[in-house]
Amino acid sequence: MRISSLRLQLLAWVVLPLAALATVNLWTSQRNALATADLVTDRMLVGSARAIAEQVTMAEGVLDATVPPAAIEMFDTGDRDSVYYRVETAGGRLLTGCPDLPTASGDASIEAPYRDQLLRLATFSHAVIGAGPDSPIRVTVGVTLAGHDAMAKRLWLSAFAQQLALVAIAGVFVLLGLRRGLAPLIRLRDAVRSPNRSDLDPVEVRGAQSEIRPLIEALNAYMERVRAQMAAQRRFIANAAHQLRTPLALLSTQTSYALRETAADRRQEALVALQASSGRLARLAEQLLTLSRAEPGSRRPRADRIDLTEAARQVLETQAPTAITRNIDLGLEETGPVAVIGDGTMLREMIVNLVDNALRYTPAGGSVTVKLAVSDREGLLTVTDTGPGIPAEEREHVFERFYRVAGSSEEGSGLGLAIVREVVEHAGGSVALGDAAAGGLKVEVRLPLAAPDETPGGAVKSPAR
Ligand SMILES: Nc1ncnc2c1ncn2[C@@H]1O[C@H](COP(=O)(O)OP(=O)(O)OP(=O)(O)O)[C@@H](O)[C@H]1O
Ligand SMILES: [Mg+2]
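Residues numbered from 1 in each chain as written. Chains lettered and ligands numbered in written order. Predicted model: local features only at pLDDT ≥ 70, side-chain atom pairs only at ≥ 80, totals over all residues. Heavy atoms only, no water.

## Structural notes on the side chain of N353
- You can see N353 is positioned in helix α7 (residues 344–361).
- Aside from chain neighbours lying at most four places away, what touches N353 is R283, Q287, G416, I419 and V420. (Helix = DSSP H or I, 4+ residues; strand = E, 2+ residues; numbered from the N terminus. Contact = heavy atoms within 4.5 Å.)

What follows is the structure, given as structure tokens:
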């Protein structure tokens, strides 16, 4: 699980460096323990040597060295250490003790092997009054290292236990801190997962930290967008069903009428009406399909180089018969290719809807002109007609889905301009309505131009038919 791995990660980041530090610290504390044991042992050695030296006296002209038992017993710490000593005159004459015991030079103590054991030795010089050239005498005391080592080990072990406890306590606190710190995240997860949440309500996590709050806000904003989209989708489906219901009911009425009719010419009339209704129904279905395709995310985004001029020419060719039937002069004004980036099929569909509108709402004898131009970094497609135009207060609404200007002379579903806006915005452009010079409507579509193609033979693609 991801949460637990975050926990492990943080734990590792805190405890591992701490453990490494503790290891280094252990090494230094071992050295410290040894140094302390050395110091204590040396003090004892010097103390012992001094105690022995102070007992050396001149008795009847002869140096008398009697070793006091306390000087030896002070090493009796239960570690079974052996103690060796030697007392000699300044000239090197042995007064008492082991003749072959090594001597430490100066004040520093030494470690030296003696009788297969390692000894720590200290030598102490002491002036004896009246001893003449024999003064000062020198007392060397050596002791095996069992007590010394035991002391170093004890000191070190206690340091070790402290370090271990420190790391363990840090680990526990990290875990506790994490549990507290991650609690809002876990509450967020539970809130999002909760089966009671059906309507994409904003989640509320109390006590969320400043690092987590932006995540929650982003999540809520995202859910708000999804909710708005879902609502729009629901409205669209309801509208579409409503729009389909009316012509379907009409179709059914017309069918029963045709079936009831016995006179051949009346039946013929009914069938023609039936055909017109089903044609309108088919167009509505087609517009719905186009709109759903034009919606962002509904198809794989395409970014072909499209020549808008060529696309317009193709559309005009297909619309020419309609223009002739309605006695409308349909013309194209262009000065060459206008390369834009987008989806060829959808851009063509956009032009189809604009030309279809212009032809449909312009009375017979009028004219419709499609003009293509390039202005700074924009391709400009203008469709002008000599029809009634759209009143200024209606201009924003006609882009809404299923919206039709009240009293429209022609049949329609109110989806054409919605498709146009969807396609144009998807291609990064804009669409605006205006008044044509000769009266009628002027629709201006601006699309960003494709960057000039450097590859040789990089011809602008004609939209597929
Ligand atoms: N060239 C035009 N001249 C006058 N009115 C127009 C023109 N184009 C559109 N309109 C008005 O804008 C409204 C919306 O147009 P739109 O193309 O969205 O829908 P429609 O033409 O009614 O239906 P559809 O195109 O889906 O069959 C139309 O009902 C019409 O009243
Ligand atoms: Mg239309």
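## Description of the site of ligand 1
- Taken together, 22 residues lie around ligand 1, and Y361, R404, S408, S413 and L417 are the ones closest in.
- At a separation of 2.8 Å, an oxygen atom of ligand 1 approaches a polar backbone atom of L417.
- For ligand 1, the protein covers 97% of the area, taking 590 Å² as the surface of the free molecule.
- Top contributing element to the shell around ligand 1 by residue count: α7, with five residues.
- Residues belonging to the shell around ligand 1 are distributed by class as follows: nine nonpolar, nine polar and four charged. (Near = heavy atom within 4 Å. Polar contact = N/O pair within 3.5 Å; in protein donor to acceptor, adjacent residues only side chain to side chain. Areas by Shrake-Rupley, 256 points an atom, 1.4 Å probe, with all protein chains shown as cover. Nonpolar A, V, L, I, M, F, W, Y, C, P; charged D, E, K, R; others polar.)

## A word on the domain arrangement of the protein chain
- When the domains of the protein chain are assigned, the result is domain 1 (2–154), domain 2 (213–294) and domain 3 (304–448).
- Measuring from the centre of the C-alpha atoms in domain 1 to the corresponding centre in domain 2 gives 104 Å. (Domains from an automatic or database assignment.)

## Quick word on the sheet that holds strand β5 (residues 110–114)
- The strand order β4-β3-β7-β6-β5 describes an open sheet built from five strands, whose pairing is antiparallel. For this open sheet the edge positions go to β4 (94–97) and β5, each flanked by a neighbour on one side alone. Sheet twist, expressed as the average angle between the axes of neighbouring strands with direction ignored, equals 25°. (Pairing = 2+ DSSP bridges. Axes fitted to C-alpha atoms, helices over the stretch in contact; angles between N-to-C directions.)

## So, the environment of A104
- Locating A104 in the fold gives a position in the loop between β4 and β5.
- By relative accessible area, A104 is classed as buried at 4%.
- Remark: the alpha-carbon pair of A104 and P301, spanning 197 residues in sequence, is separated by 92 Å.
- Ignoring anything within four residues of it in the chain, the contact list for A104 reads S109, I110, L121, A122 and T123. (Buried < 20%, exposed > 50% of the residue type's maximum accessible area, 1.4 Å probe, protein only.)

## Focus on the packing of aromatic side chains
- Counting across every chain of the model gives three aromatic pairs.
- A ring pair is formed by Y84 and Y114, whose centres lie 5.1 Å apart and whose planes are at 75°; its orientation type is edge-to-face. Taken together, the residues span a long stretch of sequence, with Y84 in strand β3 (residues 83–88) and Y114 in strand β5 at a distance of 30 residues.
- For Y84, a relative accessible area of 12% puts it in the buried group.
- Between the NZ or CZ atom of R401 and the centre of the ring of F236, over which it lies, the distance is 5.0 Å. (Phe/Tyr/Trp six-rings, centres within 6.5 Å; stacked < 30°, edge-to-face > 60°. Lys NZ or Arg CZ within 6 Å of the ring centre and 35° of its normal.)

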